[in-house]
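What the coordinates show
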Amino acid sequence: MLRSALITASRSANCRDLAERTPLVRPVVDRFVAGPTTGDAIAVARELAADRLISLDHLGEDTHSRAQAGQAVESYRTLLRRLADEGLGERAEVSVKLSALGQALPGDGGKIALANTWRICEAAAAAGTMVTVDMEDHTTTDSTLSIVQALRADFRDTGTVLQAHLKRTEGDCADLAGPNSRIRLCKGAYDEPASVAYRAKSDVDASYVRCLKVLMSGQGHPMVATHDSRLLEIAMRLADQAGRSRDDYELQMLYGVRPALQAELARNGLRLRVYLPYGTEWYPYFMRRLGERPANLTFFLRSLTGRR
Ligand code: FDA
């Protein structure tokens, strides 16, 4: 209920305006976001790269113009040149949201998003790294998977995200667990109807385990994106059972979420990738993070009202 309300608020222009105009909100946002500029992202990535991998996300979604989508492409291409200059190409990939790259534009949105993402993949290849395509709400899943399939014809290492809360996902995992695939499995951050998604936590978790079994016994590179200790243990056990070494899969977490656990996993030599967002369009991303943990909301509301 609370999560649904926050996801609705993530689309409200008035709430966004209030949050963006309140300076005290900034320190709370900074916990989850590297900062507004490419330089901020590079600085945090450089620090993290000492003992972990990174996936950088230039924040933005629901783009309503071709020009805005083009700007997002240029931001990624600038970022990728900077990663190459810093020698971070091997440690840092990029994550993209297709709605920021034109997918939702009327008419040929799918084609525009494919062409834009292709240019980002081209820059990523030149920088010695790769792209993972985020997954948004269920109305976009088919379009996203077909765009990823088209990209993989030229850029074989393009990865994508699947969401365990969707009932279709176990089947998608089976379809996509072939050689060289890179699938990032997460629970799912969008408020989806019961017709397409599991709504109870226990059902989402059970689906996550079924999907993990398919991916770990498949031929691709599973990317286990969760902060849930129980699922992490199960993932590591399934990887062992499937004969995978620590390089044959990776654990992934969001910047700012369970930092002590992240440090411990990295110290223990596990392959851990941190999803690191940056940019000025932080509001919808940040609201989804609030929805995942009520304690975050209390902290945020205190900052809005000036009470710390
Ligand atoms: P769960 O929500 O059950 O959390 C487990 C524990 O982790 C909690 O008990 C708490 O301790 C901690 N925790 C989780 N979230 C927290 C938060 N925000 N703040 C503080 N503590 C928190 N979703 C999507 O729909 N499309 C996508 O493309 C992606 N991409 C993506 C990439 C990566 C690398 C990650 C880690 C996650 C995503 N997600 C996503 C988000 C994902 O779907 C999910 O909403 C969050 O990861 C939270 O779910 P958990 O699996 O962590 O479990």
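Treat the numbers as computed from the prediction; the structure is a model and nothing was measured.

1. What to know about the packing of aromatic side chains
This model, assessed by the stated rule, comprises five aromatic pairs. Judged by centre distance (5.1 Å) and plane angle (65 degrees), the rings of Trp118 and Phe155 are edge-to-face. On the criterion of sequence distance, the pair formed by Trp118 in helix 6 (residues 109–126) and Phe155 in the loop between helix 7 (141–154) and strand 4 (159–163) is long-range, its members being 37 residues apart. Residue class for Trp118 comes out partly exposed when judged on its relative accessible area of 31%. Judged by relative accessible area, Phe155 falls into the buried class, the value being 12%. One aromatic cluster in this structure is built from Phe32, Trp282, Tyr283 and Phe286. The ring of Tyr285 has Arg289 sitting right over it, with the charged end atom 4.5 Å from the ring centre.

2. A look at the pattern of salt bridges
Applying the stated criterion across every chain, the model contains 23 salt bridges. For Arg16, the salt bridge identified is with Glu20, shortest N-O distance 3.1 Å. In this pair, Arg16 and Glu20 are both assigned in helix 2 (residues 13–21), four residues apart and thus about one turn of the helix distant. The class for Arg16 is partly exposed, based on a relative accessible area of 22%. Among the ionic pairs, Arg273 bridges to Glu250, the shortest N-O distance being 2.5 Å. Of this pair, Arg273 sits in strand 8 (residues 272–278) while Glu250 sits in strand 7 (residues 250–254), placing them 23 residues apart in sequence. When salt bridges with common partners are traced through the structure, they connect Glu93, Lys97, Asp134, Arg182 and Arg184 into a single cluster.

Cut-offs applied
Residues numbered from 1 in each chain as written. Predicted model: local features only at pLDDT ≥ 70, side-chain atom pairs only at ≥ 80, totals over all residues. Heavy atoms only, no water. Phe/Tyr/Trp six-rings, centres within 6.5 Å; stacked < 30°, edge-to-face > 60°. Helix = DSSP H or I, 4+ residues; strand = E, 2+ residues; numbered from the N terminus. Buried < 20%, exposed > 50% of the residue type's maximum accessible area, 1.4 Å probe, protein only. Lys NZ or Arg CZ within 6 Å of the ring centre and 35° of its normal. Salt bridge = Lys/Arg side-chain N within 4 Å of Asp/Glu carboxyl O.

Function cannot be inferred from these measures alone, as they are strictly geometric.
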